[in-house]
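Spelled out from the first residue to the last, the chains are:
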Amino acid sequence: MQRIIAIETKIAYQEDTIAQLNEVVCKQQTQIDALELLTQQLIGRVRDLSEASAQSAGAFSAADERPPHY
(Lines give C-alpha, C1' and ligand atoms only; values in the text may rest on other atoms or scores of the structure.)
Protein backbone atom coordinates (compact mmCIF):
# COMPACT_ATOMS: atom_id res chain seq x y z
CA MET A 1 0.00 0.00 0.00
CA GLN A 2 2.86 2.39 0.80
CA ARG A 3 4.34 1.83 -2.67
CA ILE A 4 1.06 2.82 -4.30
CA ILE A 5 0.88 5.99 -2.20
CA ALA A 6 4.51 6.82 -3.08
CA ILE A 7 3.81 6.30 -6.78
CA GLU A 8 0.65 8.41 -6.64
CA THR A 9 2.58 11.16 -4.87
CA LYS A 10 5.31 11.13 -7.51
CA ILE A 11 2.72 11.25 -10.29
CA ALA A 12 1.02 14.23 -8.65
CA TYR A 13 4.34 16.11 -8.45
CA GLN A 14 5.13 15.22 -12.06
CA GLU A 15 1.74 16.48 -13.23
CA ASP A 16 2.32 19.75 -11.39
CA THR A 17 5.80 20.09 -12.91
CA ILE A 18 4.43 19.40 -16.39
CA ALA A 19 1.74 22.05 -15.93
CA GLN A 20 4.34 24.61 -14.79
CA LEU A 21 6.62 23.79 -17.72
CA ASN A 22 3.71 24.08 -20.14
CA GLU A 23 2.94 27.54 -18.79
CA VAL A 24 6.56 28.61 -19.25
CA VAL A 25 6.65 27.25 -22.79
CA CYS A 26 3.43 29.09 -23.69
CA LYS A 27 4.83 32.39 -22.34
CA GLN A 28 8.06 31.86 -24.24
CA GLN A 29 6.17 31.19 -27.47
CA THR A 30 4.22 34.42 -26.99
CA GLN A 31 7.50 36.30 -26.50
CA ILE A 32 9.04 34.64 -29.57
CA ASP A 33 6.03 35.60 -31.68
CA ALA A 34 6.27 39.22 -30.50
CA LEU A 35 10.01 39.33 -31.17
CA GLU A 36 9.56 37.86 -34.66
CA LEU A 37 6.98 40.54 -35.45
CA LEU A 38 9.27 43.27 -34.12
CA THR A 39 12.18 41.89 -36.13
CA GLN A 40 10.13 41.94 -39.33
CA GLN A 41 9.07 45.53 -38.63
CA LEU A 42 12.67 46.58 -38.00
CA ILE A 43 13.85 44.87 -41.19
CA GLY A 44 11.19 46.78 -43.11
CA ARG A 45 12.27 50.08 -41.57
CA VAL A 46 15.93 49.43 -42.33
CA ARG A 47 15.05 48.62 -45.95
CA ASP A 48 13.00 51.80 -46.22
CA LEU A 49 15.80 53.89 -44.74
CA SER A 50 18.35 52.21 -46.97
CA GLU A 51 16.27 52.88 -50.06
CA ALA A 52 15.68 56.49 -49.03
CA SER A 53 19.37 56.94 -48.36
CA ALA A 54 20.28 55.45 -51.73
CA GLN A 55 17.82 57.74 -53.49
CA SER A 56 19.05 60.85 -51.72
CA ALA A 57 22.67 59.83 -52.28
CA GLY A 58 21.95 59.74 -56.00
CA ALA A 59 21.10 63.45 -55.89
CA PHE A 60 24.46 64.32 -54.33
CA SER A 61 27.71 62.74 -55.33
CA ALA A 62 30.85 62.49 -53.25
CA ALA A 63 32.44 65.17 -55.47
CA ASP A 64 29.74 67.64 -54.40
CA GLU A 65 30.56 67.22 -50.72
CA ARG A 66 32.95 69.60 -49.04
CA PRO A 67 35.88 67.97 -47.28
CA PRO A 68 35.59 67.99 -43.48
CA HIS A 69 38.50 70.46 -43.04
CA TYR A 70 36.62 73.34 -44.76
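See the structure printed just above.
Since this is a predicted model, take the numbers as computed values, not measurements.

Participant: What is the right way to read the overall build of the chain from this model?
Facilitator: Counting its regular elements, the chain contains 1 helix and 0 strands. Total accessible area on the chain stands at roughly 6900 Å², and carbon and sulfur atoms take up 60% of it.

Participant: Before we go on, may I ask you to explain the pattern of salt bridges in this structure?
Facilitator: Working definition: two side chains of opposite charge can pair if their charged atoms are close together. The full count for this structure, using the stated rule, is 1 salt bridge. A salt bridge links E23 to K27; the nearest nitrogen and oxygen atoms lie 3.5 Å apart. Within this pair, E23 and its partner K27 are both found in helix α1 (residues 2–59), separated by 4 residues, close to a single helical turn.

How each quantity is defined
- Residues numbered from 1 in each chain as written.
- Predicted model: local features only at pLDDT ≥ 70, side-chain atom pairs only at ≥ 80, totals over all residues.
- Heavy atoms only, no water.
- Helix = DSSP H or I, 4+ residues; strand = E, 2+ residues; numbered from the N terminus.
- Areas by Shrake-Rupley, 256 points an atom, 1.4 Å probe, with all protein chains shown as cover.
- Salt bridge = Lys/Arg side-chain N within 4 Å of Asp/Glu carboxyl O.

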